[in-house]
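Fold and geometry: a report
Here is what each chain is made of, one letter per residue.
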Amino acid sequence: MTHRPLQNTTGQLLARTCKLLRIRAHTLLGEIGLYRGQQFVLGALWEQEGISQSELAQQLHVQPATITNALQRMERAGLVERRQDTQDLRVSRVYLTDAGRNIRGAVDEIWAELEEQAFAGLSPGEVAVLRRLLAQVYDNLIQDFAR
């Protein structure tokens, strides 16, 4: 069996690429007052408001404590609010504020800018193939979370 240096593996290249994209996203999103990962919380809430904190943690594949910390910071920033469930007072549901809804356009613009930068020089067909391949890699890896 031939061994390649770790830094030359496809997985390492993907990890390094993701890290650069994450750093760039963090910088741009910071310019509009968002902290690391908050765009994912907002994205989930843009799709479905009023989900519980635990559902949000499951959906984003993070620990409940991570969601609690993120939501506290986002509440202080005026982006979300938490309310007790009317049927089960142990459950906290998360809702967007007007500011949380209104920031969507700026977040969308940032992701469009990131995609333009990241995929410069690739044809639309190449981007479509890359997207399909990355979706397959994602599906392969997400199976561990379903167990």
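Rules of the game
Residues numbered from 1 in each chain as written. Predicted model: local features only at pLDDT ≥ 70, side-chain atom pairs only at ≥ 80, totals over all residues. Heavy atoms only, no water. Helix = DSSP H or I, 4+ residues; strand = E, 2+ residues; numbered from the N terminus. Contact = heavy atoms within 4.5 Å. Areas by Shrake-Rupley, 256 points an atom, 1.4 Å probe, with all protein chains shown as cover. Lys, Arg positive; Asp, Glu negative; His and termini not counted. Charge placed at Lys NZ, Arg CZ, Asp CG, Glu CD. Axes fitted to C-alpha atoms, helices over the stretch in contact; angles between N-to-C directions. Parallel < 35°, antiparallel > 145°, perpendicular 65-115°, else oblique. Nonpolar A, V, L, I, M, F, W, Y, C, P; charged D, E, K, R; others polar. Buried < 20%, exposed > 50% of the residue type's maximum accessible area, 1.4 Å probe, protein only. 1 Å grid on protein atoms, 1.4 Å probe; cavity = no way out; pocket = protein on both sides within 12 Å on 5 of 7 lines; lining within 4 Å. Points joined across faces, edges and corners; volume = space filled by probe spheres on them. pLDDT = per-residue confidence, 0-100.

1. A look at the overall build of the protein chain
- For the protein chain, the count of helices and strands is 7 helices and 3 strands.
- What you see in the protein chain, going N to C, is helices and strands ordered as α-α-β-α-α-β-β-α-α-α.
- Projected onto the principal axes, the alpha-carbon positions of the protein chain cover approximately 60 × 35 × 25 Å.
- For the protein chain, restricting intrachain contacts to residue pairs at least 6 apart in sequence, the fraction spanning at least 24 positions comes to 52%.
- Of the accessible surface of the protein chain, which amounts to about 10500 Å², a share of 54% is contributed by carbon and sulfur atoms.
- Positive and negative side-chain charges of the protein chain, numbering 17 and 17 respectively, have mean locations separated by a distance of 8 Å.

2. Focus: the packing of helix H2 (residues 38–47) against helix H4 (residues 64–76)
- At a minimum axis distance of 10 Å, the contact between H2 and H4 shows a crossing angle of 85°. Here H2 is positioned roughly perpendicular relative to H4, judged by the angle of their axes. In this structure, H2 uses Gln38, Val41 and Leu42 to contact H4, whose residues at the interface are Ile67, Ala70, Leu71, Arg73 and Met74.
- A class-by-class count of the residues in the contact of H2 with H4 yields 6 nonpolar, 1 polar and 1 charged.

3. A short note on the environment of Ile67
- Here Ile67 lies in helix H4.
- Taking relative accessible area as the criterion, Ile67 reaches 2% and is therefore assigned buried.
- Apart from residues no more than four positions distant in its own chain, Ile67 is found in contact with Val41, Gln53, Leu56, Ala57, Leu60 and Val62.

4. A word on the layout of surface pockets
- The volume enclosed by the largest pocket comes to roughly 2200 Å³.
- Along the walls of the largest pocket sit 46 residues, with Cys18, Leu21, Phe40, Trp111 and Tyr138 positioned nearest its centre.
- Ranked by the residues each element gives to the lining of the largest pocket, the list is headed by helix H1 (residues 10–30), at 12 residues.
- Looking at the lining of the largest pocket residue by residue, the classes come out as 30 nonpolar, 11 polar and 5 charged.

5. A look at the confidence of the model for the protein chain
- Here the protein chain averages 92 in pLDDT, and 93% of its residues register 70 or above.
- At the level of individual helices and strands, the protein chain shows its lowest average pLDDT in helix H7 (residues 124–146), which scores 91, and its highest in helix H5 (residues 98–102), which scores 97.

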